[in-house]
Amino acid sequence: MVERAVAADAGEILTLQRAAYVSEAQLYGDPYIPPLVESLEQVRKAVETAVVLKAVEAGRIVGAVRGQVAGTACLIGRLVVAPDRQGQGLGTALLEALHEQVPEAEAFDLFTGHLSDGNLRLYRRLGYRETHRERMDDHLTLIHLRRRPA
């Protein structure tokens, strides 16, 4: 079940986020990527100011995603799925629910690292198209993608 997160969910979402992003940190050789060093207060503020959705199974938050409206676009961030639930459609369900929650958006924008093949496959399958690349350093290039509603 996908529903809107509340401030009281921030701790569980942060724990889930850290578990989900460990593999990304290992992939890029950087234990200090933003999702791993974000504070509880930062997550709580996001829940209070953005559209934050959570996927809940048996009382456990197993996925989450954030959307922040900026102008006519919705900036998507922190799509996370519990490591034991990845590859089972939760990421798709969360993104589709976010698309529905922000019907006024003329575009949905997100980014991921160039080595994150699973993420890129998911985004492309859902209609996201690459807009540009941003080289951060020798080990990381961000791929920016956009999806326009049908």
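Everything below is about the structure printed above this text.
Rules used throughout
Residues numbered from 1 in each chain as written. Predicted model: local features only at pLDDT ≥ 70, side-chain atom pairs only at ≥ 80, totals over all residues. Heavy atoms only, no water. Helix = DSSP H or I, 4+ residues; strand = E, 2+ residues; numbered from the N terminus. Rg over C-alpha atoms; globule rule 2.2 N^0.38 Å. Buried < 20%, exposed > 50% of the residue type's maximum accessible area, 1.4 Å probe, protein only. Contact = heavy atoms within 4.5 Å. Pairing = 2+ DSSP bridges. Core = buried A, V, L, I, M, F, W, Y, C linked by side-chain atoms within 4.5 Å. Salt bridge = Lys/Arg side-chain N within 4 Å of Asp/Glu carboxyl O.

1. Considering the overall build of the protein
At step 1: Along its length, the protein carries five helices and seven strands.
At step 2: Each helix and strand of the protein, placed in order from N terminus to C terminus, yields the pattern β-α-α-α-β-β-β-α-β-α-β-β.
At step 3: Since a compact globule built from 150 residues should have a radius of gyration of about 15 Å, the 15 Å found for the protein is in line with a globular shape.
At step 4: Within the protein, the fraction of its 150 residues that count as buried is 46%.
At step 5: Relative to all contacts within the protein whose residues are 6 or more apart in sequence, the contacts with residues 24 or more apart total 60%.

2. Regarding the pairing of strand 3 (residues 60-70)
At step 1: Alignment of strand 2 (residues 51-57) against strand 3, held across seven bridges, turns out to be antiparallel. Across the sheet, the residue bridging to Leu53 is Val65, located in strand 3.
At step 2: Remark: two residues form the turn of the hairpin made by strand 2 and strand 3, two consecutive strands paired antiparallel; Ala58 in that turn has positive phi of roughly 50 degrees.
At step 3: As judged from the seven bridges shared by strand 3 and strand 4 (residues 73-81), these two strands associate in the antiparallel manner. Paired with Arg66 across the two strands is Gly77, which belongs to strand 4.
At step 4: The loop that links strand 3 with its antiparallel partner strand 4 comprises two residues; one of these, Gly71, has a positive phi angle of about 70 degrees.

3. Quick notes on the nonpolar core
At step 1: By size, the foremost hydrophobic cluster in this structure holds 44 residues, and its most contacted members are Ile13, Val65, Ile76, Leu95, Tyr123 and Tyr128.
At step 2: Counting residues per element, this core draws most heavily on helix 1 (residues 10-28), which supplies seven residues.
At step 3: Once residues within four sequence positions are removed from consideration, Ile76 is found in contact with Val65, Arg66, Leu95, Leu98, His99, Phe108, Asp109, Leu110 and Tyr128.

4. Some words on the pattern of salt bridges
At step 1: According to the stated counting rule, one finds eleven salt bridges in the structure shown.
At step 2: The partner of Asp109 in a salt bridge is Arg146, with the nearest N and O atoms 2.6 Å apart. Here Asp109, found in strand 5 (residues 107-113), pairs with Arg146, found in strand 7 (residues 140-147); they are 37 residues apart in sequence, far enough to count as distant.
At step 3: A relative accessible area of 30% places Arg146 in the partly exposed class.
At step 4: Overlapping salt bridges, with partners in common, bring together Glu3, Asp9 and Lys54 in one network.

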